[in-house]
Amino acid sequence: MQDLLDKIYRDNDQLAFRQLFLQYSDRLIVFAASLLPSREEAEEAVSDVFVKIWQNRAGLATVRNLNTYLYTAVRNTACNYRIRAGRMPEMLTGEHIQVTVNAMAASPEDMLISKENLRKIESAINLLPARCKLIFRLVKEDGLKYREVAEILEVSINTVNTQMAIALKKLGEVIDIRQHFGWME
Amino acid sequence: MEQHERLWELMAKRTAGALSPAEEVELEVLLEASPEVARQQALLDKIFLQSTGKPTPERKEMLLDRIMGDIAAGGSQEALPEVTEDSLPVRRGRWRVMAAASLVLLLGAAMALYLRSSTATNAVVWSTVQTRPGSKTRITLPDGTLVMLNAGSTLSYPSNFAKSGRVVKLTGEGYFDVTRMPNDPFVIHTHTVDIKVLGTTFNVRAYADESHTETALISGAVEVTVKDGGKQHITLSPKQKLLVANAIADTVKPATVARPDDLKSLIVLESIEKERGGAEIAETAWVENRFVYRNETFLQLIKRMERWYGITIECHNQSLLQTSFTGNVQGESLDQLLGMLKQTKQFEYNITAGKVFIH
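Residues numbered from 1 in each chain as written. Chains lettered and ligands numbered in written order. Predicted model: local features only at pLDDT ≥ 70, side-chain atom pairs only at ≥ 80, totals over all residues. Heavy atoms only, no water.

J.: What is the right way to look at the overall build of chain B in this model?
T.: Check the secondary structure of chain B and you find eleven helices and 19 strands. Going through the 359 residues of chain B one by one, you find that 46% of them count as buried. In chain B, of all internal contacts separated by at least 6 residues, the share reaching a separation of at least 24 is 49%. Split by element, the accessible area of chain B, about 18400 Å² in all, is 53% carbon and sulfur. (Helix = DSSP H or I, 4+ residues; strand = E, 2+ residues; numbered from the N terminus. Buried < 20%, exposed > 50% of the residue type's maximum accessible area, 1.4 Å probe, protein only. Contact = heavy atoms within 4.5 Å. Areas by Shrake-Rupley, 256 points an atom, 1.4 Å probe, with all protein chains shown as cover.)

J.: Which parts of the structure should I look at to understand the overall build of chain A?
T.: Regarding its fold elements, chain A presents nine helices and one strand. Walking chain A from its N terminus toward its C terminus, one meets helices and strands in the order α-α-α-α-β-α-α-α-α-α. Taking all 185 residues of chain A together, the buried fraction comes to 55%. Within chain A, contacts between residues at least 6 apart in sequence are counted, and of these 67% link residues at least 24 apart. When the accessible area of chain A is evaluated, it comes to approximately 8400 Å², of which 53% is carbon and sulfur surface.

J.: Can you walk me through the packing of aromatic side chains in this structure?
T.: In this description, a pair of aromatic rings is defined by centroid distance and the angle of the planes. Inspection of the entire model under this criterion finds ten aromatic pairs over all chains. Here B:Phe176 and B:Phe202 contribute two aromatic rings whose centre-to-centre distance is 5.4 Å and whose plane-to-plane angle is 10°, an arrangement assigned as stacked. In this pair, B:Phe176 sits in strand E6 (residues 166–177) while B:Phe202 sits in strand E9 (residues 201–206), placing the two residues 26 residues apart along the sequence. Take B:Phe176: its relative accessible area is 0%, and that puts it in the buried class. Pairwise contacts between aromatic rings join A:Phe17, A:Phe21, A:Phe50 and A:Trp54 into one cluster. The positively charged end of B:Lys136 is found above the aromatic ring belonging to B:Trp308, 4.1 Å away from the centroid. Looking at B:Arg307, its charged tip hangs above the ring of B:Tyr207, at a distance of 3.2 Å from the centre. (Phe/Tyr/Trp six-rings, centres within 6.5 Å; stacked < 30°, edge-to-face > 60°. Lys NZ or Arg CZ within 6 Å of the ring centre and 35° of its normal.)

J.: Please clarify how the pattern of salt bridges should be interpreted in this entry.
T.: All names here are of chain B. Across all of its chains, the model carries 31 salt bridges over all chains by this definition. In this structure, Lys-241 engages Glu-283 in a salt bridge whose closest nitrogen and oxygen atoms are separated by 2.7 Å. Of the two residues, Lys-241 is situated in strand E13 (residues 240–245) and Glu-283 in the loop between strand E14 (267–271) and strand E15 (290–297); the sequence distance between them amounts to 42 residues. The residues Lys-241 and Glu-283 share a single accessibility class, namely buried. (Salt bridge = Lys/Arg side-chain N within 4 Å of Asp/Glu carboxyl O.)

J.: It is not clear to me how the interface of chain B and chain A should be interpreted in this structure. Could you clarify?
T.: Where interface size is quoted, it is often the accessible area lost as the parts come together. Listed by partner, the interface residues are 53 residues for chain B and 57 residues for chain A. Buried surface at the junction of chain B and chain A, both sides included, amounts to about 5600 Å², of which 61% is carbon and sulfur. Here A:Glu43 and B:Arg59 are joined by a salt bridge, their closest N and O atoms 2.4 Å apart. Across the chain B-chain A interface, the total number found is 17 residue pairs in polar contact (both at pLDDT 80 or more). Among the elements that make up the side of chain B that touches chain A, the one with the highest residue count is helix H4 (residues 57–73) of chain B (eleven residues). Residue composition of the side of chain B that touches chain A, grouped by class: 23 nonpolar, ten polar and 20 charged. (Buried area = accessible area lost by both parts, 1.4 Å probe. Polar contact = N/O pair within 3.5 Å; in protein donor to acceptor, adjacent residues only side chain to side chain. Nonpolar A, V, L, I, M, F, W, Y, C, P; charged D, E, K, R; others polar.)

Limitation: the analysis is restricted to geometry and does not speak to function.
Written as structure tokens, this is what we have:
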């Protein structure tokens, strides 16, 4: 990843820049969509961020953590959009980000997760409060670290941990264990 | 109750990979006390999330085009490095080292004079960018198409490029990222094949001193027309490559007494294979400044090393020349590469005055 950044700011390498976009745009657009009312605006915000990244590419030399850099840039841009549109810059409105859940089909025991349970988990995730869901998503889906999530959302690490715990507890409650292990007993 | 809250907190930390060794032990003890929760969480661990509403690859390409458009329109001081008829390309960093040895020949003006004196009308000026052995360069064409030009290669394009259809001529190797224009195909002429594309990423290798012209498609679609051999059209799918023998006229003679390595067919369609243990593919490794060789004879390898490092290599050992090598290096010096090769097959070499002697 650092290699990619080096190429962008040192060599003005457009290919590396395209690669950076292709690697990050998915999750950044989903993230932006959880802060803005429409997907079009989310795409626009992420595009804006990348135009600025290229224009100020010399600044990439000082980037320590690419995750927090990109997500924070998207968050700030989304914030500005909201202010421009006369809305409060309050974050996390987007309950409309829907999540689907899949079982990793890596080993036989993974097959133990029944369709019924997957469906239950999925709807439970989608029913989580917006902030709780976003934090859970950023950790579980985007693989961000607590410290990164805390920095991006400007909350404490403790808050991130608390929200994760709430999410796991709620999701655990909906899983019907007997349905899984009944056949073994 | 208190204990349960602690359990969730630790589970949350574990999900984020933020558990200390001491906490790990603590969690283990807590989970042992509540097997039901342990099972639920084990199942939760095995799921992964996928947000709906992610952009499709096409949509992403579109956004990317828009971003590049915004960048290009964003004022002249932000202009991207580009080869034009009156300015040398801007190169930075690692490229500068290689660029020092390179020379970009701009033949446009001379060509224009020549054409004017010979035809007097409708003179089209061809801009030519040439890389010497040991150097590479990056070019942005007027339509935004990006070309990386490998060592010892030549790319020409007409002055009225965008208006009269997008046409370029290539000798050598280039990696193309063609700007999508549905109604305006992009055509690359090489000695052996013509390649027609709409908007896509691919690599063309058309060195005159190699046996085949290779078109390797990364994404999108291209149509290759073989000039000889009955103007055959072949459409490539992503992750396919097409090899066309460079001297069809010579080799197609009936009842050729073929040596084993001549048995390679004249036109071959293969799929591009990922390199062992990686997502990278060998065909475009050079763009990343990696020198990859797969089952290549020393003879072929010498030609490529000469281009890559901009030197001359002399070797008269016939059996060594026919020996095959496989491997890859990144950023190694010629000395280091030769040192590696030497370990596989015993040989000695010395370097004097920019020339390598192998014995």
